[in-house]
Amino acid sequence: MAKANFQVPELKEYAEIPEIEPGIMAHSKPFKSKPEFQEALGFPGELVEDWQKKAIDKMGDLLGRYRSLRVYLDSCVKCGACTDKCHYYLGTHDPKNMPVGRQDLLRKVYRRHFTLAGRFFPNLVGATDLTEEVLGDWYNYFHQCSQCRRCSVFCPYGIDTAEISMAAREIMDHIGVGQKYCNEIIGKVYKIGNNLGLPGPALIDTLEGLEEDVFDETGVEVKYPIDQEGAEILLVTPSADFFAEPHVDGLIGYGKVFHEAGVSWTMSTYASEAANFGMFIGSYDNMRRVALRIREAAIKLGVKRIVFGECGHAWRVAYSFLNTLAGPWDFLDQRYPIPQHICEFTHDLIQQGKLKFDKSRNDDKVLTYHDSCNVARASRMGDKPGGQFDIPRAIIREVCNHYYDMDEETIRDRTFCCGGGGGLLTDDLMEVRVKGAQPRIEALNHVIQEKGVTHMAAICAICKSQFTKVLPYYGMDMDQIVSVHQLVSNALILTGQESDEPDDEPADKREDKLASEPASQSTSAAA
Amino acid sequence: MSFISDIYAYLFYFATLVLLGGLTLKILQYARTPAPLKIPTTPAPTTSVGVALRMTREVVLFESLFRGNKWTWIFSWMFHFGLLLVTLRHLRYFIDPVPVPIQMIQPFGIYGGMAMIVGLAGLWARRFFVDRVRYISSRSDHLILALLVAIGLTGLIMRFVVHTDIIRVKEFFAGLYRFEVVILPADPVLLLHLLLVALLMIIFPYSKLLHAPGLFFSPSRNQVDNPRERRHIAPWAKRLEQE
Ligand code: SF4
Ligand code: SF4
């Protein structure tokens, strides 16, 4: 079990709603962003003078730009339906981690400055000025929200705390109070092209290594191309896929699927990142700048289709926003969804009977599936509502013999966050991450006990990195979390593959290589 | 008693003005504020018809609240449905001749009034007994409940304990349409009931009662899930593209 300098929550047999413990997480906050990171994104380097006024002005500006913010700040009736829905509340017991408690941190300042009631009767409606203390609460508690939108499912008005925490972070960035983790990463994307700051030669090197591994394993020459002009498909995938376990196994899987499909494909050193942290900080400008890189790469390489790898919020930005932010995509082949998810791609091939699997190669595992928040509650796959739940499950069932879902209350659109989303996947927030993971781990533990589940598959790089790190705190193994395309890769029989027997563990070799990478890169900066 | 009648007449003109004016302004404000990105909570309908159905389920059945908390759902549904019946019943005081459906609804309106009180009581009890809900309740949350309970109780008292001269009340409101002040019966319970109703109308556009129009403008509920098929670009975002 991993060491913790805080109390790791106990796993119970039945989910419990804890009593509130006000202020218990008031100490938790991420490192502040340094001026150099702030400025690269167009924000002031440090807390500006007359920050109160600037913050209120920015709030007014956002209220005029985002209907969601305006309506959500007005509409809450304090019914309490969301209070027990946030995994951070369930894991930490801090009432400011109840979605409505979190919203109120912003709402009470909104009331004071933008409503009649709050201007004239602040005490009656719980309105306050923006004091240093309030700003402190904003910084701490809006960085204890993974923007997973679970609360929005249950609110009678669909009030989405993610929208509110994005706005709060945007306001704070505008007065010079940014979060280091997110802002530094966005800076790396601008400078180098991806979150991990991996330069082109390193990527090329890795991909050559993968080609050798796959050849050794299968005897088939599967290519992992990058910057190949004229390829049909541009694959955009989280940079964690290039290095960290289990992500890289997913990347191997995508390559095999493309190979079997017989399509030409490529990645891009310029847009070597699917993740878009601009969303986490609520910055339309930065989100757009990051998204435009993909457009530029697609044009430069002359591709016809864009496919996204396994990453939750990247898929949200891709599915929901890419067309808006960086469209129109009229230069791509309109017969395919733009952009397409790798699971949609694989699922299509399965339906056409183009992939041959030997399910028994995954017989060492009993699987369950973790619906990642941004995929589940903020995107879709296929052409029917709910395709984002069905397609990955259909793939998993196709490639393995043993599969069980976790409790109905904790999957699909009610899924629990891994605890590390929304820009929280940083070591300075370990306590929040471990505690926030509790509801998910509890549900996982249930199927482990009752169904003998051994592994949980996911299609989000943040989830994978978070679980790798957090599972050990609960006495589980870090490699119990796997990629969906890792399972695909295990079971797929390539055309021309010599034997059905997988060779001895080619994964060993990869691990050696991984071990030489700085550990912090693979875990904390993965996205 | 014409003095009191005068005051009430002006009060109701004022309250109506605030209610309609305030709500109109708010609705215009919501409608004019762009929603720059598609953010429906998925799985979301992919057609406008689907969205209309989703919204109808939210408005009529409180679908999301049902998933969120059964107790709150029972009480708030009782309250709102009761309120609807009561409002329909009251229409006969404002319309002449009274349409048949409104005549038929009269007895149910009474049950509606009772359901309203029970629902409100349940919602209020949660504010005391559930520690999470106690934590988020502000004074105004209690006061609004108190106001609604008082409106309901005074209404039921007039029905069951001290009857009021309803014909004259109706004449008073009919007079208001013609800008004439007809004398209002000087029953204290009636006056209190009307005062509280006017108060409710006045605070409506400035309080959490805005959840009523808010629901219809909530992007997570009212958006069609079709961002891959269609660009969805707000005017201010469009300007970024021209730069
Ligand atoms: S968006 Fe998720 S993390 Fe944030 S308050 Fe809602 S449930 Fe909690
Ligand atoms: S469920 Fe919605 S309305 Fe109810 S308290 Fe939470 S945010 Fe407010």
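This is a predicted model, so every value here is computed, not measured.

### Regarding the overall build of chain B
Thought 1: A count of helices and strands for chain B gives 12 helices and zero strands.
Thought 2: Starting at the N terminus and walking to the C terminus, you meet the elements of chain B as α-α-α-α-α-α-α-α-α-α-α-α.
Thought 3: If you line up chain B on its principal axes, its C-alpha atoms span 70 × 45 × 40 Å.
Thought 4: A burial count over chain B gives 50% of its 243 residues as buried.
Thought 5: Taking contacts inside chain B between residues at least 6 apart in sequence as the whole, the part at least 24 apart equals 71%.
Thought 6: Of the charged side chains in chain B, 25 are positive and 14 negative; the average position of the first set lies 7 Å away from that of the second.

### Points about the overall build of chain A
Thought 1: On a plain count of helices and strands, chain A comes out with 25 helices and seven strands.
Thought 2: Here the C-alpha atoms of chain A give a radius of gyration of 23 Å, agreeing with the 24 Å that 2.2 N^0.38 yields for 527 residues.
Thought 3: Structurally, chain A occupies a C-alpha span of about 80 × 50 × 45 Å along its principal axes.
Thought 4: When each of the 527 residues of chain A is scored for burial, the buried share is 67%.
Thought 5: Here the analysis covers contacts within chain A between residues at least 6 apart in sequence; of these, 81% occur between residues at least 24 apart.
Thought 6: With the model as given, the accessible surface of chain A reaches about 18,000 Å², and the carbon-plus-sulfur share is 49%.
Thought 7: With 58 positive and 77 negative side-chain charges, chain A shows a spacing of 7 Å between the two charge centroids.

### Re the side chain of Glu344 of chain A
Thought 1: Its location among the elements puts Glu344 of chain A in helix H17 (residues 342-351).
Thought 2: Of the residues examined, Glu344 of chain A reaches a relative accessible area of 4% and is grouped as buried.
Thought 3: For Glu344 of chain A, the side chain forms a polar contact with the side chain of Arg228 of chain B, separated by 2.8 Å.
Thought 4: The contact partners of Glu344 of chain A, leaving out residues within four places of it in the chain, are Trp315, Pro339, Met381, Gly382 and Ile391 of chain A together with Arg228 of chain B.

### With respect to the environment of Ile294 of chain A
Residues and elements named next belong to chain A.
Thought 1: Within the secondary structure, Ile294 sits in helix H15 (residues 284-301).
Thought 2: Looking at Ile294, the relative accessible area reads 4%, which means it is buried.
Thought 3: Measuring from C-alpha to C-alpha, the distance between Ile294 and Asn362 comes to 35 Å, with 68 residues separating the pair along the chain.
Thought 4: Setting aside chain neighbours within four positions, we find Ile294 in contact with Leu234, Val236, Ala271, Glu273, Ile306, Phe308 and Trp329.

### With respect to the interface of chain A and chain B
Thought 1: With 79 residues of chain A at the contact, the number on the chain B side is 61 residues.
Thought 2: Taken together, both faces of the contact between chain A and chain B bury some 5,700 Å²; the carbon and sulfur share is 55%.
Thought 3: For the interface between chain A and chain B, the tally reads five salt bridges.
Thought 4: One salt bridge connects Lys26 of chain B with Asp74 of chain A, and the closest N-O pair in it is separated by 2.8 Å.

### Looking at helix H19 (residues 387-399) of chain A
Residue and element names in this part refer to chain A.
Thought 1: Along its 13 residues, H19 runs 18 Å from first to last C-alpha, staying within 8% of the 18 Å computed at 1.5 Å per residue.
Thought 2: Residues Gly387, Gln388, Phe389, Ile391, Pro392, Arg393, Ile395, Ile396 and Val399 constitute the buried set of H19.
Thought 3: Among the structural elements, H17, strand E5 (367-369), helix H18 (373-378), strand E6 (455-458) and helix H23 (484-491) are those in contact with the buried residues of H19.

### A look at the packing of H19 of chain A against H23 of chain A
All names here are of chain A.
Thought 1: Between H19 and H23, the shortest axis-to-axis distance is 9 Å and the interhelical angle comes to 30°. The angle between the axes of H19 and H23 places the two elements in the roughly parallel class. Pair H19 / H23 crosses with left-handed handedness. Only Val484, Leu487, Val488 and Ala491 of H23 make contact with H19, whose side of the interface consists of Ile395, Ile396 and Val399.
Thought 2: Residues of the contact of H19 with H23, tallied by class, amount to seven nonpolar, no polar and no charged.

### Notes on helix H9 (residues 188-203) of chain B
Spacing of three or four residues puts side chains on the same side of an α-helix, whose turn is 3.6 residues.
Residues and elements named next belong to chain B.
Thought 1: Here H9 spans 23 Å end to end across 16 residues, near enough to the 22 Å set by a 1.5 Å rise per residue.
Thought 2: Listed as buried for H9 are Val189, Leu190, Leu191, His193, Leu194, Leu196, Ala198, Leu200, Met201 and Ile202.
Thought 3: Those residues of H9 that are buried are in contact with helix H1 (2-32), helix H4 (70-90), helix H7 (139-160) and helix H8 (166-177).

### Details of the site of ligand 1
Residues and elements named next belong to chain A.
Thought 1: In the neighbourhood of ligand 1, 14 residues make up the surrounding shell, with Cys86, Cys145, Cys148, Arg149 and Cys151 lying closest.
Thought 2: Those elements that provide at least two residues to the shell around ligand 1 are helix H4 (87-92), helix H5 (99-114), helix H9 (150-154) and helix H10 (161-174).
Thought 3: Taken together, the residues that form the shell around ligand 1 break down as seven nonpolar, four polar and three charged.

### Looking at the sheet that holds strand E1 (residues 233-236) of chain A
All names here are of chain A.
Thought 1: The sheet built from four strands is open, its strands ordered E2-E1-E3-E4 with parallel pairing. A single partner strand is all that each edge strand has here, and the edge strands are strand E2 (265-266) and strand E4 (340-341).
Thought 2: Bridge count for strand E3 (residues 305-308) against E4 is two bridges, and the pairing is parallel. From the neighbouring strand, Phe308 faces E4, where its bridge partner is His341.
Thought 3: Here helix H14 (residues 247-261) sits on the sheet and contacts E1, E2 and E3; the angle it forms with E1, its principal contact strand, is near 170°.
Thought 4: Sitting on the sheet, helix H16 (residues 312-326) touches E3 and E4, and the angle it makes with E3 is about 145°.

### A short note on the packing of aromatic side chains
Thought 1: Following the criterion strictly, the structure yields 21 aromatic pairs over all chains and no others.
Thought 2: Ring geometry for Tyr224 of chain A and Trp265 of chain A: centres 6.0 Å apart, planes at 85°, overall edge-to-face. Of this pair, Tyr224 of chain A sits in the loop between helix H12 (200-218) and E1 while Trp265 of chain A sits in strand E2, and the two are 41 residues apart along the sequence.
Thought 3: Here Phe172 of chain B and Phe173 of chain B contribute two aromatic rings whose centre-to-centre distance is 5.2 Å and whose plane-to-plane angle is 80°, an arrangement assigned as edge-to-face.
Thought 4: Classification of Phe172 of chain B by relative accessible area gives buried; the value is 0%.
Thought 5: Ring pairing ties together the aromatic residues Tyr224, Phe258, Trp265 and Phe345 of chain A, which thus form one cluster.
Thought 6: Across from the ring centre of Tyr336 of chain A, 3.4 Å away, lies the NZ or CZ of Arg305 of chain A, which sits over that ring.

### A few points about the pattern of salt bridges
Side chains carrying opposite charge are able to pair once their charged atoms draw close together.
Thought 1: Summed over all chains, the structure comprises 40 salt bridges over all chains.
Thought 2: Linking Asp84 of chain A and Arg132 of chain B is a salt bridge whose minimum nitrogen-to-oxygen distance equals 4.0 Å. In this pair, Asp84 of chain A is assigned in the loop between helix H3 (67-75) and H4 and Arg132 of chain B in helix H6 (residues 131-136), connecting two distinct chains.
Thought 3: For Asp84 of chain A, a relative accessible area of 13% puts it in the buried group.
Thought 4: Note that Asp358 of chain A and Arg361 of chain A form a salt bridge whose closest N and O atoms lie 3.7 Å from each other.
Thought 5: Residue classification places Asp358 of chain A among the buried residues on the basis of a relative accessible area of 18%.
Thought 6: When salt bridges that share partners are traced, they join Lys58, Asp61 and Arg65 of chain A into one network.

### Concerning the UniProt feature "transmembrane region" (unreviewed entry) in chain B
Residues and elements named next belong to chain B.
Thought 1: The feature "transmembrane region" (unreviewed entry), as given by UniProt, occupies residues 7-28, 71-88, 108-130, 142-162 and 182-204 in the numbering adopted here.
Thought 2: Between the end C-alpha atoms of residues 7-28 there is a gap of 31 Å, over a span that is 100% helix and 0% strand.
Thought 3: Secondary structure content for residues 182-204 is 70% helix and 0% strand, while the C-alpha to C-alpha distance between its ends is 27 Å.

### Here we look at the environment of Pro385 of chain A
Thought 1: Locating Pro385 of chain A in the fold gives a position in the loop between H18 and H19.
Thought 2: Between the C-alpha atom of Pro385 of chain A and that of Asp160 of chain A, which follows or precedes it by 225 residues, the distance is 19 Å.
Thought 3: Residues within four places of Pro385 of chain A in sequence aside, it is in contact with Arg380 of chain A together with Pro43, Ala44, Pro45 and Thr46 of chain B.

Calculation notes
Residues numbered from 1 in each chain as written. Chains lettered and ligands numbered in written order. Predicted model: local features only at pLDDT ≥ 70, side-chain atom pairs only at ≥ 80, totals over all residues. Heavy atoms only, no water. Helix = DSSP H or I, 4+ residues; strand = E, 2+ residues; numbered from the N terminus. Buried < 20%, exposed > 50% of the residue type's maximum accessible area, 1.4 Å probe, protein only. Contact = heavy atoms within 4.5 Å. Lys, Arg positive; Asp, Glu negative; His and termini not counted. Charge placed at Lys NZ, Arg CZ, Asp CG, Glu CD. Rg over C-alpha atoms; globule rule 2.2 N^0.38 Å. Areas by Shrake-Rupley, 256 points an atom, 1.4 Å probe, with all protein chains shown as cover. Polar contact = N/O pair within 3.5 Å; in protein donor to acceptor, adjacent residues only side chain to side chain. Buried area = accessible area lost by both parts, 1.4 Å probe. Salt bridge = Lys/Arg side-chain N within 4 Å of Asp/Glu carboxyl O. Expected span 1.5 Å × (residues − 1). Axes fitted to C-alpha atoms, helices over the stretch in contact; angles between N-to-C directions. Parallel < 35°, antiparallel > 145°, perpendicular 65-115°, else oblique. Left-handed = near helix turned anticlockwise from the far one by under 90°. Nonpolar A, V, L, I, M, F, W, Y, C, P; charged D, E, K, R; others polar. Near = heavy atom within 4 Å. Pairing = 2+ DSSP bridges. Phe/Tyr/Trp six-rings, centres within 6.5 Å; stacked < 30°, edge-to-face > 60°. Lys NZ or Arg CZ within 6 Å of the ring centre and 35° of its normal. UniProt positions renumbered as here; feature names shortened; annotations may be inferred.

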